[in-house]
Amino acid sequence: MRSKIVAGNWKMNKTLDEAKALTSEIMGMVADEVKGDVKVVLCTPFPYLIPVKNILGTSSRIAVGAQNASEHEAGAYTGEVSSVMLKSMDVPYVILGHSERRQYFGEDGKLLAKKVDVALKHGLIPIFCCGEPLEVRERNEHEALVCRQIEEALFHLNEESLKKIVIAYEPVWAIGTGKTASSQQAQDMHAVIRKHLAGKYGQAVADSISILYGGSVNAANAKELFACADVDGGLVGGASLKSREFVEIIKSI
Ligand code: 13P
């Protein structure tokens, strides 16, 4: 059985004090209210990973994740953070290939293949993002583009490595716009992604991969999205910055 995962992507938000308060609130509510075996991940800005981890402690069922990592392991790359560093801090997850990284920082499939390799080499779990801009969907080329994004960054992996990846489908037109994909649109694309994985790695491997949906997930739409057969959870932006809303999303799975 593949894991159910709800990850919050805080992006570049919150002061340190706000980040600590948000973490404490989420931790308390999750302990009191969340039943079942959903995995919860808080993808914080780099400087908050350790403070947030310290609040969560070792007993919490909530893990932390980074929002990016370098394709290099170490060296003269001012301002960058490596997978080696994240591993040394016991950070288990890292988002790679978010559409904002693709759009504003020029990340492409070739670079992301390298980032994925380095993250896996150091034992991190990549949450690999894919998704199409609006004009690509309007041309009805969204399935082809998402399959190509996955091929470029992941299809060089052997079966054992691929099984460690979490995929997040985030249509660019749904990110931060309040315009979520319908549950049918999400299910259709998740099924296409799983079928594409099955074509290369076999059905059993494809069935073991968690595929998250991201893009304007909120407490009102999460239940319907998470009820889809191939939607295994969510990658949540804006709504993960509000403790009550985020916990309601977690409880929707
Ligand atoms: P929103 O939930 O704010 O649309 O952001 C989604 C996202 O980009 C998560 O990575």
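As the structure is a computational prediction, the values presented were derived from the model and not from experiment. All residue numbers refer to positions counted from 1 along the written sequence of the respective chain. Since the coordinates come from a predicted model, pLDDT governs what is reported: local features require at least 70, and pairs of side-chain atoms require 80 or more to be given and counted, while whole-chain, interface and lining totals use all residues. Water and hydrogen atoms play no part in the side-chain values, which are based on all heavy atoms of the structure.

Generally speaking, nonpolar side chains in soluble globular proteins are found buried as a group. Buried residues of nine kinds, namely Ala, Val, Leu, Ile, Met, Phe, Trp, Tyr and Cys, make up a nonpolar core once their side-chain atoms join them within 4.5 Å. Think of it in three bands: with a 1.4 Å probe and only protein chains considered, a residue is buried below 20% of the maximum accessible area for its type, exposed above 50%, and partly exposed in between. By size, the foremost hydrophobic cluster in this structure holds 70 residues, and its most contacted members are Ile150, Leu154, Ile167 and Ile193. Helix numbers and strand numbers start at the N terminus; a helix is a DSSP run of H or I with at least 4 residues, a strand a run of E with at least 2. Ranked by residue count, the leading element in this core is helix α9 (residues 183-201), at seven residues. Counting 13 residues, the second largest nonpolar core, distinct from the first, contains Ile5, Ala7, Ala63 and Ile95.

Turning to the site of the ligand, a few remarks are in order. The environment of the ligand is formed by Asn9, Lys11, His98, Glu170, Ala174, Ile175, Gly176, Gly215, Ser216, Leu235, Gly237 and Gly238. Think of a polar contact as two N or O atoms within 3.5 Å of one another; within protein, one of them needs to be a possible hydrogen donor and the other a possible acceptor, and neighboring residues in sequence only count if both atoms come from side chains. In this structure, an oxygen atom belonging to the ligand sits 2.8 Å away from a side-chain N or O atom of lysine 11. Between an oxygen atom of the ligand and a side-chain N or O atom of glutamate 170, the distance comes to 2.9 Å. Computed by Shrake-Rupley with a 1.4 Å probe, the accessible areas treat only the displayed protein chains as cover when residues are assessed. Bound to the protein, the ligand loses 94% of the 310 Å² it would expose on its own. Only Asp, Glu, Lys and Arg are considered charged, only Ala, Val, Leu, Ile, Met, Phe, Trp, Tyr, Cys and Pro nonpolar, and every remaining residue, Gly among them, polar. For the shell around the ligand, the per-class residue count stands at three nonpolar, seven polar and two charged. We call a residue near a molecule or strand when any one of its heavy atoms sits within 4 Å of it.

A carboxyl oxygen of Asp or Glu within 4 Å of a side-chain nitrogen of Lys or Arg is what we treat as a salt bridge. Per the counting criterion, the structure on display carries 14 salt bridges. Arginine 137 is paired through a salt bridge with glutamate 132; the nearest N and O atoms lie 2.7 Å apart. Residue classification places glutamate 132 among the buried positions, given a relative accessible area of 0%. Here the residues in one salt-bridge network are Arg2, Arg194, Asp230 and Asp232, joined through shared partners.

Multiplying 1.5 Å by the residue count of a helix minus one yields the expected span of that helix. Helix length check: helix α7 (residues 142-154) (13 residues) gives 18 Å between terminal C-alpha atoms against 18 Å at 1.5 Å per residue, within 8%. Taken residue by residue, α7 has His142, Leu145, Val146, Cys147, Gln149, Ile150, Ala153 and Leu154 as its buried positions.

Burial within strand β5 (residues 125-130) is extensive, with five of its six residues counted as buried. Strand pairing is assigned whenever DSSP detects at least two bridges linking the two strands. In this sheet, strand β6 (residues 166-169) lies alongside β5 in parallel orientation, the contact comprising four bridges. When the bridges of β6 are listed, phenylalanine 128 appears paired with isoleucine 167.

Note on placement: methionine 29 falls in helix α1 (residues 16-33). Take methionine 29: its relative accessible area is 17%, and that puts it in the buried class. Along the backbone, methionine 29 and alanine 76 are 47 residues apart, and their C-alpha atoms lie at a distance of 42 Å. The contact criterion used is simple: two residues touch if any of their non-hydrogen atoms lie within 4.5 Å. Excluding its chain neighbours within four sequence positions, the residues that come into contact with methionine 29 are Val34, Ser243, Arg244 and Val247.

For the rest of this paragraph, the subject is the sheet that holds strand β1 (residues 5-9). The strand order around the closed barrel formed by eight strands is β1-β2-β3-β4-β5-β6-β7-β8, and the pairing between neighbours is parallel. Mean inter-strand twist for the sheet, computed between neighbouring axes without regard to direction, equals 25°. Relative to strand β3 (residues 62-66), strand β2 (residues 39-43) is paired through four bridges, and the arrangement is parallel. Looking across to β3, one finds that valine 40 is bridged to isoleucine 62. Helix axes are fitted only over the stretch in contact, all axes being lines through C-alpha atoms; the angle between N-to-C directions runs from 0 to 180 degrees. Those strands touched by α7 are β5 and β6, and its axis lies near 145° from that of β5. Sitting on the sheet, α9 touches β5, β6 and β7 (211-214), and the angle it makes with β7 is about 145°.

So, on to unusual backbone geometry. If a residue is not glycine, its phi is most likely negative; likewise, a peptide bond is most likely trans. Phi is positive for aspartate 90, close to 60°, though the residue is something other than glycine. Position of aspartate 90 relative to the elements: it lies in the loop between α3 (83-88) and β4 (93-96). Among the residues examined, aspartate 90 registers a relative accessible area of 53% and is labelled exposed. The backbone of serine 216 sits at a positive phi, close to 55°, despite the residue not being glycine.

Another point: the confidence of the model for the protein. The predicted model of the protein has a mean per-residue pLDDT of 97, with 100% of residues at 70 or higher. You can read pLDDT as the predictor saying how much it trusts each residue, on a scale of 0 to 100. Confidence, read as mean pLDDT per element, is least for helix α6 (residues 134-138) in the protein (96) and greatest for β4 (99).

Moving on to the packing of α7 against α9. One can describe the packing of α7 onto α9 by two numbers: an axis separation of 10 Å at closest approach and a directional angle of 45°. In terms of their interaxial angle, α7 and α9 are classed as oblique. At the point where α7 passes α9, the crossing takes the right-handed sense. Taken together, the residues of α9 that come into contact with α7 (itself represented by His142, Glu143, Val146, Cys147, Ile150, Glu151 and Leu154) are Met189, Val192, Ile193, His196, Leu197 and Tyr201. Any angle that is under 35 degrees is reported as roughly parallel, and any over 145 degrees as roughly antiparallel; angles of 65 to 115 degrees are reported as roughly perpendicular and all others as oblique. Should the near helix be turned counterclockwise from the far one by less than a right angle, the crossing is left-handed, whereas a clockwise turn marks it as right-handed.

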